[in-house]
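# Descriptive structure summary
What follows is each chain in one-letter form.
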Amino acid sequence: QVHLVDSGGGLVQAGGSLRLSCTASGRTFSNYNMGWFRQAPGKAREFVAAISWSGGSTYYTDSVKGRFTISRDNAKNTVYLQMNSLKPEDTAVYYCAAARIRLAVREYEYDYWGQGTQVTVSS
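Residues numbered from 1 in each chain as written. Predicted model: local features only at pLDDT ≥ 70, side-chain atom pairs only at ≥ 80, totals over all residues. Heavy atoms only, no water.

## Focus on the pattern of salt bridges
As a reminder, the rule being used: By convention in these notes, a salt bridge is any Lys or Arg side-chain nitrogen within 4 Å of a carboxyl oxygen on Asp or Glu. To sort residues, take the accessible area from a 1.4 Å probe on protein chains only and compare it with the maximum for the residue type: under 20% means buried, over 50% means exposed, and anything in between is partly exposed.
Scanning all chains against the criterion turns up six salt bridges. Two residues, Arg 38 and Glu 46, come together in a salt bridge whose shortest N-O distance is 2.6 Å. With a relative accessible area of 6%, Arg 38 lands in the buried category. Each of Arg 38, Glu 46, Arg 67 and Asp 90 takes part in a single network of salt bridges with overlapping partners.

## Description of the pairing of strand 1 (residues 2–7)
How we decide: Only DSSP runs of H or I covering at least 4 residues are called helices, and only runs of E covering at least 2 are called strands; the numbering of each starts at the N terminus. DSSP-based pairing: two strands are paired if at least 2 bridges between them are found.
Here strand 1 shows a clear split, with Val 2, Leu 4 and Asp 6 buried on one side and none of His 3, Val 5 and Ser 7 buried on the other. Relative to strand 3 (residues 18–26), strand 1 runs antiparallel, the two sharing six bridges. The residue bridging Asp 6 from the neighbouring strand is Cys 22, located in strand 3.

## A closer look at unusual backbone geometry
The backbone phi angle of Asn 77 is positive, close to 55 degrees, even though this residue is not glycine. Here Asn 77 is to be found in the loop between strand 7 (68–73) and strand 8 (78–83). The backbone phi angle of Ser 85 is positive, close to 50 degrees, even though this residue is not glycine. The exposure class assigned to Ser 85 is partly exposed, which follows from its relative accessible area of 42%.

## Some points on the packing of aromatic side chains
Inclusion rule: The rule is short: rings of Phe, Tyr and Trp, with Trp giving its six-membered ring, pair when the centres are within 6.5 Å, and they are stacked under 30 degrees, edge-to-face over 60, tilted in between. Placement of a charge over a ring requires the Lys NZ or Arg CZ to be within 6 Å of the ring centre, with the centre-to-atom vector within 35 degrees of the ring normal.
Under the defined criterion, the tally for this structure stands at six aromatic pairs. An angle of 70 degrees between the planes, with centres 6.1 Å apart, marks the rings of Tyr 32 and Tyr 112 as edge-to-face. Here Tyr 32 is found in the loop between strand 3 and strand 4 (33–39), whereas its partner Tyr 112 is found in strand 10 (residues 112–113), with 80 residues between them in sequence. Of the two residues, Tyr 32 and Tyr 112, both sit in the buried class. With a centroid separation of 5.7 Å and an interplanar angle of 80 degrees, the aromatic rings of Phe 37 and Phe 47 are classed as edge-to-face. On the criterion of sequence distance, the pair formed by Phe 37 in strand 4 and Phe 47 in strand 5 (residues 46–51) is long-range, its members being ten residues apart. Over the aromatic face of Tyr 95 sits the side chain of Arg 45, whose NZ or CZ is 4.7 Å from the ring centroid. For the cation-ring pair, Arg 72 lies above Phe 29, with the distance from its terminal atom to the ring centre recorded as 4.4 Å.

Right, here's the structure in full:
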């Protein structure tokens, strides 16, 4: 079992930045590939970014490329999502997730989920 706790959300103006954190406890964090998803009001949850267990590979959805950066610190059991140049359309609840098998972009490929943290970008 892996327990994930998301944090770092908040209210920010368009063009601003936020850094989300997700801290894991339980099984060995470095065994898991990690991802971030988001869900806007009235919409389905969507993939945002993923990082391999070593941090050597990353993947982003097109809408955040060049603005968001995913990273991890296995010594701290934490994965981060640095979000720059935020837009109102980035407003959503952001969730981190852990995948045992591979670097994944689909929800069903993830085994554990955080509780979510709200990000609101005002125009």
